[in-house]
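Listed below are the residues making up each chain.
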Amino acid sequence: MSKKRREIPVFDQPIIETHCHLDYLKARPLAETLAEIQRVNIERVITIAVSPENLARVRELSQIAPWVYGTQGVHPHDAGTYSDSAEAEIRAHAGDDKIVAVGEIGLDYFYDNAERNVQRDVFRRQLQIACDTDRPVVIHSRDADEDTIEILQEYEATLKRRGVIHSFTSGPGLAQYALDQGWCLGFNGITTFNKAENVRDIVRMAPIGQILLETDSPFLTPAPYRGRENAPFYIPFVAEKIAAVKDLGLEEVLATTYQNSLRTFFPQP
């Protein structure tokens with residue numbers, strides 16, 4: 001007889017889910033997912049673009065509810081498909097009302113799905129879009145700490161809004177550089193994994209005022225729901241883990257990460 005998994009906690013303080021892929025979710029109808037997201041008091045969701053093929057779909061999804069937002073960008077896995085027309089599309093829509101960032105962009109030297117020189121070029125081109133459109137950036141960096149730092153240094157003076165290095169699994173060098181430069185670090189279900197002490201070490205070093213909550217769903221489902229498709233409504237487990245690792249009150253973590261999300265993606269004029 002299987003052990004019953006703990007129910008998803010519902011907190012009074014609303015949460016902003018800063019990174020998911022709604023168009024990748026397959027386990028249940030989207031309407032059910034959206035209803036469950038609202039049930040657990042997730043106030044806003046940002047669904048992330050990754051390729052030229054889903055830029056338009058993310059824009060469509062950003063219109064399905066007033067509290068769903070999107071990004072525009074090409075992931076390093078798809079850097080080989082980047083083109084002038086893709087860049088023009090990202091540039092044309094980066095300033096849309098429901099588009100809050102340029103992303104997901106960056107470098108991935110773990111999978112190397114695109115040549116590294118191509119990844120670096122595409123990363124720079126999209127950082128320039130963020131500079132030109134005054135948008136924050138959602139960065140993916142895996143096994144590429146030194147090159148990520150080197151490229152971000154080129155844009156320190158012109159990239160005003162900064163943004164987030166999401167699903168942070170890099171080393172303390174990149175973490176400290178990003179924190180010193182005013183970036184946020186995004187943490188998700190990896191923080192709950194038994195073998196992720198390296199990630200929890202970064203959680204400990206990061207000020208709570210520079211941490212964002214995310215799921216990266218449908219990937220990286222947090223305990224106690226590992227084995228199921230991830231979804232934004234599991235984000236309360238991430239909040240609980242951050243509070244435990246940092247030895248902070250859950251209310252402080254929820255309130256501060258909420259304000260961090262507003263500051264990064266939804267600044268007041």
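A brief structural summary. (Residues numbered from 1 in each chain as written. Predicted model: local features only at pLDDT ≥ 70, side-chain atom pairs only at ≥ 80, totals over all residues. Heavy atoms only, no water.)

### Section: the side chain of Thr-148
Step number 1: Looking at the secondary structure, you find Thr-148 in helix α5 (residues 145–154).
Step number 2: Overall, the relative accessible area of 0% leaves Thr-148 in the buried class.
Step number 3: If near-sequence neighbours (up to four positions away) are discounted, Thr-148 is found in contact with Leu-107, Ser-141 and Leu-174. (Helix = DSSP H or I, 4+ residues; strand = E, 2+ residues; numbered from the N terminus. Buried < 20%, exposed > 50% of the residue type's maximum accessible area, 1.4 Å probe, protein only. Contact = heavy atoms within 4.5 Å.)

### As for the nonpolar core
Step number 1: Formed by 75 residues in total, the largest nonpolar core has its most connected members in Leu-127, Leu-185 and Phe-187.
Step number 2: Looking at this core, the element that brings in the most residues is helix α8 (residues 235–246), giving seven residues.
Step number 3: In this structure, Phe-187 is in contact with Phe-168, Val-199, Ile-202, Val-203, Ile-211, Leu-212, Leu-213, Glu-214, Val-238 and Ile-242, ignoring residues within four places of it in sequence.
Step number 4: Counting 14 residues, the second largest nonpolar core, distinct from the first, contains Val-100, Val-164, Leu-262 and Phe-266. (Core = buried A, V, L, I, M, F, W, Y, C linked by side-chain atoms within 4.5 Å.)

### Regarding the pairing of strand β3 (residues 68–72)
Step number 1: Burial analysis of β3 places five of its five residues in the buried class, which makes it a mostly covered element.
Step number 2: Bridge count between strand β2 (residues 42–47) and β3: three bridges; the pairing is parallel. Within β3, the residue paired with Ile-46 across the bridge is Tyr-69.
Step number 3: Bridge count between β3 and strand β4 (residues 99–108): three bridges; the pairing is parallel. Opposite Gln-72, over in β4, you have Val-102 as the bridge partner. (Pairing = 2+ DSSP bridges.)

### Regarding helix α7 (residues 197–205)
Step number 1: Inspection of α7 places Val-199, Arg-200, Ile-202 and Val-203 among the buried residues, and these make up the whole buried set. Seen end-on, α7 carries its buried residues on one side only, within an arc spanning 155°.
Step number 2: Check the buried side of α7 and you find it contacts α6 (172–180), β7 (184–187), β8 (211–213) and α8. (Arc of directions from axis to C-beta.)

### A short note on the packing of aromatic side chains
Step number 1: Counted under the stated rule, the structure contains six aromatic pairs.
Step number 2: When the centroid spacing of 6.2 Å and the interplanar angle of 90° are considered together, the rings of Tyr-24 and Phe-219 count as edge-to-face. Of this pair, Tyr-24 sits in the loop between β1 (15–20) and α1 (30–39) while Phe-219 sits in the loop between β8 and α8, and the two are 195 residues apart along the sequence.
Step number 3: A residue is classified by how much of its surface remains accessible, and Tyr-24, at 32% relative accessible area, is partly exposed.
Step number 4: One aromatic cluster in this structure is built from Tyr-225, Phe-233, Tyr-234 and Phe-237.
Step number 5: Its guanidinium or amino end placed over the ring of Phe-266, Arg-44 lies 4.6 Å from that ring's centre, counting from NZ or CZ.
Step number 6: Lys-98 extends its terminal NZ or CZ atom over the ring of Tyr-69, reaching a point 4.9 Å from the ring centre. (Phe/Tyr/Trp six-rings, centres within 6.5 Å; stacked < 30°, edge-to-face > 60°. Lys NZ or Arg CZ within 6 Å of the ring centre and 35° of its normal.)

All quantities given are derived from atomic positions and should not be read as evidence of function.
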